[in-house]
Amino acid sequence: MTNENQAVLDVQKIRKTYGRVEALREIDLRVAAGEFLTLLGASGSGKTTLLRIIAGFETPDSGRVSIRGADMTWASAAERQIGMVFQNYALFPHLTVLENVMFPLEMRRITRRAAADRARAALDSVHLGVFGDRYPRQLSGGQQQRVALARAIVFEPSLLLLDEPFSALDRRLRESMQQEVKQLQSSLGLTTIFITHDQEEALVMSDRIAVMGGGAIRQIGTPAEIYYHPNSISVATFVGESNIFEGVPKGRSFYAASGAHFSLAAPTDCNRMLIRPEAITLSRASVPADPREANVFAAQVLDRSFVGGFTVYRVRLAQGDEVSVRAIAREGAIFQPGETLQLTVAPADCRPLTDRSAA
Amino acid sequence: MLERRSRTRFLRRIGNVAHHIFSWVTFLFLLTPLLIVIPISFSGGSYLSFPPESYSTRWYETYFAQDSWIDATILSLQVGVVATVISVAVGFLFALGITRGLRKWGPALEKVALAPMIVPSIVYSVSMYSLFSRLGLVGNWFGIALAHAILCLPFVVIVLTASLREYDIDQETAAMGLGASRLTAIRRITIPQIRPSLLSAAFLAFITSFDELVVAMFLSGTFGTLPKKMFDNIRLQIDPTIAAVSVMEILMVILVMAVLMRLNRANVGRLS
């Protein structure tokens, strides 16, 4: 049972309904030792319910939750050895920072002196060693976050759960906390499940992402797989910006409803296709594009917005499709609204959406 | 423009003054009867009269000299403490049930818990008498304490449900996630944070029991609680002893409230 590759967490066929609402419908999920997995989804997608079932704060209607091979479906939260950081941190305001971090050790009947030593070490690891005697309200949001993190890891849990921990922080602080958490996680080899609705955060931090929607896992994979090979419109639009074309596949070709012809890298039978805005190139061409030629189109700029490092153009193809394009902004290479340009896209960047069940 | 501004200012000032006057009138209206008791209690005469013709401390001496007064006081304290302990213990569980878990029945339970406050005390006393006489609890101090505990329950439930609704339940959840049992989580995390409310609830419960008369009249036999003794005293002799007792009661309440405020301030200092 001490196989290195054994899943720390194994969730099988979990269902949960609240009244008539199906919060989770048959969730299967395995998380390997040391892995950083993100549950990404909008509110109401079921990610929080799943997290609470894993943590032991809710029980599933059916299915199984195993931790390190042991069935924990009906075990109490206390028995599961899971560290959790709550969205609002849930620090105990009547205890000092050190007492907060000592709490889980005390519950494990570790002597006060040993508990204090370990708690101090945990506080040091989040750079809060000198704040032990303060009360949580005397700390900033970011510092409270670190205390919550120290408290969640001090008892060496088999699993760390993070429930949207950065949502209350401002952007700059959030980015530095993301890095810090990620570093701590990989240096301690902590198996971690992270919940967020922020796709950027998910892409930055995760080893794997499970995109959730409507109580199910829509797709699970590495950030690159999710970004470059989304299986459905819902995943494609949730993660990153996207241009979706509906049409008819024919071997290695795809004919959009408007008549625009794309050639693909591989044959497909999907009738939806994705092109990421940054995969498209705009250029000023001397010769107008032949409407029958694949992947090269005449396009007119409708409007543009300058976003610093890049510019987002909304353009209309000669065939009528409206497309959003993200181009690196080089001074002098900025196109004007009304200008007619040539739009090209590589066959490899035309990505069929394989999952037809979920629109 | 200028004229309008000065008119607005003038009206606002009038409103302010009226508000102050109203507050002070209300304050005096509530407080005067209590203040009048003080000189009466130091009266030298043997009748209740205001203002007293002469002053003495003889009615305080009467109180401390008579065993019946002291016994009644001790009994009231005893009943009050037991009723407080029972009502706070039961009321806390009740409030926990109302604010969580019992999503469907919570609102109904809350109304039931408030019923003792709404039912006329004479009706409650008669029904308690008929029930307790069968159980052999009439003429027994514990019977009074039990009946009082139920009368105190609404105050406890109101205060504690309000406080538990404001309390962030994630903290209790977090404590359980960190290895505490539900009971430990409530004892170590929830109770310390709602301690000010628990203290106010206990205080309200104690006061409710300590000056309750009607139930005590029905359920006490030959002996009596302090309010019953005071009532009997008024009916039989009307001497200023009850004024002296009242003053001591007022002092007790002021003292307890001061202690509570002190405790709560110490808590607020750490929490907010």
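Bear in mind that the values here come from a model prediction, so they are computed numbers and not experimental data.

Basis of the calculations
Residues numbered from 1 in each chain as written. Chains lettered and ligands numbered in written order. Predicted model: local features only at pLDDT ≥ 70, side-chain atom pairs only at ≥ 80, totals over all residues. Heavy atoms only, no water. UniProt positions renumbered as here; feature names shortened; annotations may be inferred. Helix = DSSP H or I, 4+ residues; strand = E, 2+ residues; numbered from the N terminus. Buried < 20%, exposed > 50% of the residue type's maximum accessible area, 1.4 Å probe, protein only. Contact = heavy atoms within 4.5 Å. Polar contact = N/O pair within 3.5 Å; in protein donor to acceptor, adjacent residues only side chain to side chain. Patch = residues over 30% accessible without salt bridge, like charges linked within 9 Å, V, L, I, M, F, W, Y side chains within 5 Å. Areas by Shrake-Rupley, 256 points an atom, 1.4 Å probe, with all protein chains shown as cover. Salt bridge = Lys/Arg side-chain N within 4 Å of Asp/Glu carboxyl O. Lys, Arg positive; Asp, Glu negative; His and termini not counted. Charge placed at Lys NZ, Arg CZ, Asp CG, Glu CD. Core = buried A, V, L, I, M, F, W, Y, C linked by side-chain atoms within 4.5 Å. Buried area = accessible area lost by both parts, 1.4 Å probe. Nonpolar A, V, L, I, M, F, W, Y, C, P; charged D, E, K, R; others polar. Pairing = 2+ DSSP bridges. Axes fitted to C-alpha atoms, helices over the stretch in contact; angles between N-to-C directions. Phe/Tyr/Trp six-rings, centres within 6.5 Å; stacked < 30°, edge-to-face > 60°. Expected span 1.5 Å × (residues − 1). Arc of directions from axis to C-beta. Parallel < 35°, antiparallel > 145°, perpendicular 65-115°, else oblique. Left-handed = near helix turned anticlockwise from the far one by under 90°. 1 Å grid on protein atoms, 1.4 Å probe; cavity = no way out; pocket = protein on both sides within 12 Å on 5 of 7 lines; lining within 4 Å. Points joined across faces, edges and corners; volume = space filled by probe spheres on them.

**Points about the UniProt feature "domain: ABC transmembrane type-1" (unreviewed entry) in chain B**
Thought 1: Mapped onto this structure's residue numbering, the UniProt feature "domain: ABC transmembrane type-1" (unreviewed entry) falls at residues 73-260 of chain B.
Thought 2: Span residues 73-260 of chain B is 82% helix and 0% strand, its end C-alpha atoms 22 Å apart.

**Comments concerning helix α7 (residues 169-177) of chain B**
Thought 1: For α7 of chain B, a buried count of 8 out of 9 residues is recorded, marking the element as mostly surrounded by other parts of the structure.
Thought 2: The secondary structure elements touched by the buried residues of α7 of chain B are α1 (47-55), β6 (82-85), α2 (97-107) and α4 (141-153) of chain A together with α8 (182-193) of chain B.
Thought 3: If you check the start of α7 of chain B, you find a side-chain oxygen 3.0 Å away from the backbone N of Asp170 of chain B, and it comes from Asp168 of chain B.

**A look at a positive patch on the surface**
Thought 1: A grouping of Arg5, Arg9, Arg12 and Arg13 of chain B is seen on the molecular surface, where their side chains present a positively charged patch.
Thought 2: Mapped onto the elements of the fold, Arg13 of chain B is located in helix α1 (residues 2-41).

**Side note on the nonpolar core**
Residues and elements named next belong to chain A.
Thought 1: Grouped together as the largest cluster of nonpolar side chains are 93 residues, with contacts concentrated most on Leu9, Leu39, Leu50, Ile54, Phe103, Leu161 and Ile193.
Thought 2: Top contributing element to this core by residue count: α2, with 7 residues.
Thought 3: Setting aside residues up to four positions removed in sequence, Ile54 forms contacts with Leu9, Val11, Arg80, Ile82, Leu159, Leu161 and Ile193.
Thought 4: Ranked by size, the runner-up nonpolar core spans 23 residues in total, among them Ala256, Ile280, Phe335 and Val345.

**Topic: the interface of chain A and chain B**
Thought 1: The partner chain B presents 20 residues to the 22 residues of chain A that form the contact.
Thought 2: Summed over both partners, the interface of chain A with chain B comes to about 1,900 Å²; 61% of that surface belongs to carbon and sulfur atoms.
Thought 3: If you look at where chain A meets chain B, you find 1 salt bridge.
Thought 4: For Arg188 of chain B, the salt bridge goes to Glu106 of chain A, with nearest N and O atoms at 3.1 Å.
Thought 5: Among the elements that line the side of chain A that touches chain B, the one with the most residues is α2 of chain A, at 4 residues.
Thought 6: Residue composition of the side of chain A that touches chain B, by class: 15 nonpolar, 2 polar and 5 charged.

**Structural notes on a nonpolar patch on the surface**
All names here are of chain B.
Thought 1: Taken together, the side chains of Leu35, Ile38, Phe42 and Tyr55 make up a nonpolar region of the molecular surface, amounting to roughly 380 Å² of accessible area.
Thought 2: As for its placement among the helices and strands, Leu35 is situated in helix α1.
Thought 3: Overall, Leu35 belongs to the partly exposed group, its relative accessible area being 46%.

**Considering the sheet that holds strand β16 (residues 296-306) of chain A**
Residues and elements named next belong to chain A.
Thought 1: One open sheet accounts for 5 strands, arranged β15-β19-β16-β17-β18; its pairing is antiparallel. With partners counted over all chains shown, the strands left at the sheet margins are β15 (280-283) and β18 (322-328), one partner each. Here the strands of the sheet are splayed against their neighbours by 45° on average, with no regard to which way each runs.
Thought 2: Note: β16 against strand β19 (residues 340-345), 5 bridges, orientation antiparallel. Its bridge partner being in β19, Val296 is matched across the sheet by Thr344.

**Topic: the packing of aromatic side chains**
All names here are of chain A.
Thought 1: Summed over all chains, the structure comprises 15 aromatic pairs over all chains.
Thought 2: Centroid distance Phe166 to Phe194: 5.8 Å. Interplanar angle 40°. Geometry classified as tilted. Pair noted here: Phe166 is in the loop between β7 (159-163) and α5 (171-188) and Phe194 is in strand β8 (residues 192-196), with a separation of 28 residues, a long-range link. Neither residue differs from the other here; Phe166 and Phe194 are each classed as buried.

**A few points about helix α3 (residues 112-125) of chain A**
Residue and element names in this part refer to chain A.
Thought 1: The first and last C-alpha atoms of α3 sit 20 Å apart over 14 residues, in line with the 20 Å expected at 1.5 Å per residue.
Thought 2: Inspection of α3 places Ala115, Ala116, Ala119, Ala122 and Leu123 among the buried residues, and these make up the whole buried set. Axial view of α3: buried residues confined to an arc of 125°, hence all on one face.
Thought 3: Contacts from the buried residues of α3 go to α2 and α4.

**Structural notes on the packing of α2 of chain A against α4 of chain A**
All names here are of chain A.
Thought 1: As a packed pair, α2 and α4 sit with axes 7 Å apart at the nearest point and diverge in direction by 25°. Overall, the two elements α2 and α4 adopt an arrangement that is roughly parallel. In the crossing of α2 with α4, the sense of the turn from one axis to the other is right-handed. Residues Val97, Asn100, Val101 and Pro104 of α2 pack against Val147, Ala150 and Arg151 of α4.

**Observations concerning the UniProt feature "transmembrane region" (unreviewed entry) in chain B**
Thought 1: The positions that UniProt labels "transmembrane region" (unreviewed entry) are, in the present scheme, residues 21-42, 74-96, 108-129, 141-162, 197-221 and 241-263 of chain B.
Thought 2: Secondary structure within residues 141-162 of chain B divides into 100% helix and 0% strand; the distance between the first and last C-alpha atoms comes to 32 Å.

**Remarks on the pairing of β19 of chain A**
Thought 1: Pairing analysis gives 4 bridges linking β15 of chain A to β19 of chain A, with the strands arranged antiparallel. The residue of β19 of chain A that forms the bridge with Ile280 of chain A is Val345 of chain A.

**Some details on the pattern of salt bridges**
Thought 1: The final tally for this structure, using the stated rule, is 25 salt bridges over all chains.
Thought 2: Note that Arg174 of chain A is salt-bridged to Asp198 of chain A, the shortest N-O span being 3.4 Å. Of this pair, Arg174 of chain A sits in helix α5 while Asp198 of chain A sits in the loop between β8 and α6 (199-205); the two residues are 24 residues apart in sequence, bridging distant segments of the chain.
Thought 3: The class for Arg174 of chain A is partly exposed, based on a relative accessible area of 22%.
Thought 4: For Glu172 of chain B, the salt bridge goes to Arg182 of chain B, with nearest N and O atoms at 2.8 Å. One end of the pair, Glu172 of chain B, is in helix α7; the other, Arg182 of chain B, is in helix α8, and 10 residues separate them in sequence.
Thought 5: By relative accessible area, which is 43% here, Arg182 of chain B ends up partly exposed.
Thought 6: One salt-bridge network, held together by shared partners, links Asp303, Arg314, Arg316 and Glu322 of chain A.

**A closer look at the layout of surface pockets**
Thought 1: The volume enclosed by the largest pocket comes to roughly 530 Å³.
Thought 2: Breaking the lining of the largest pocket down by element, the ones donating at least two residues are α3 (67-99) and α7 of chain B.
Thought 3: If you tally residues by element for the lining of the largest pocket, the top one is α7 of chain B, at 4 residues.
Thought 4: By residue class, the composition of the lining of the largest pocket is 8 nonpolar, 6 polar and 6 charged.
Thought 5: Lining the second largest pocket are 17 residues; nearest its centre among them are Ile153, Glu156, Pro157, Leu188 and Leu190 of chain A.
Thought 6: For the lining of the second largest pocket, the class distribution of residues is 9 nonpolar, 5 polar and 3 charged.

**Quick word on the side chain of Asp239 of chain B**
Residues and elements named next belong to chain B.
Thought 1: As for its position among the elements, Asp239 is in the loop between α11 (226-236) and α12 (241-271).
Thought 2: At 7.6 Å, Arg58 is the nearest oppositely charged side chain to Asp239, a buried residue that forms no salt bridge.
Thought 3: Side chain to side chain, Asp239 and Thr241 meet in a polar contact 2.3 Å long.
Thought 4: Once residues within four sequence positions are removed from consideration, Asp239 is found in contact with Ser46, Leu48, Trp59 and Asn233.

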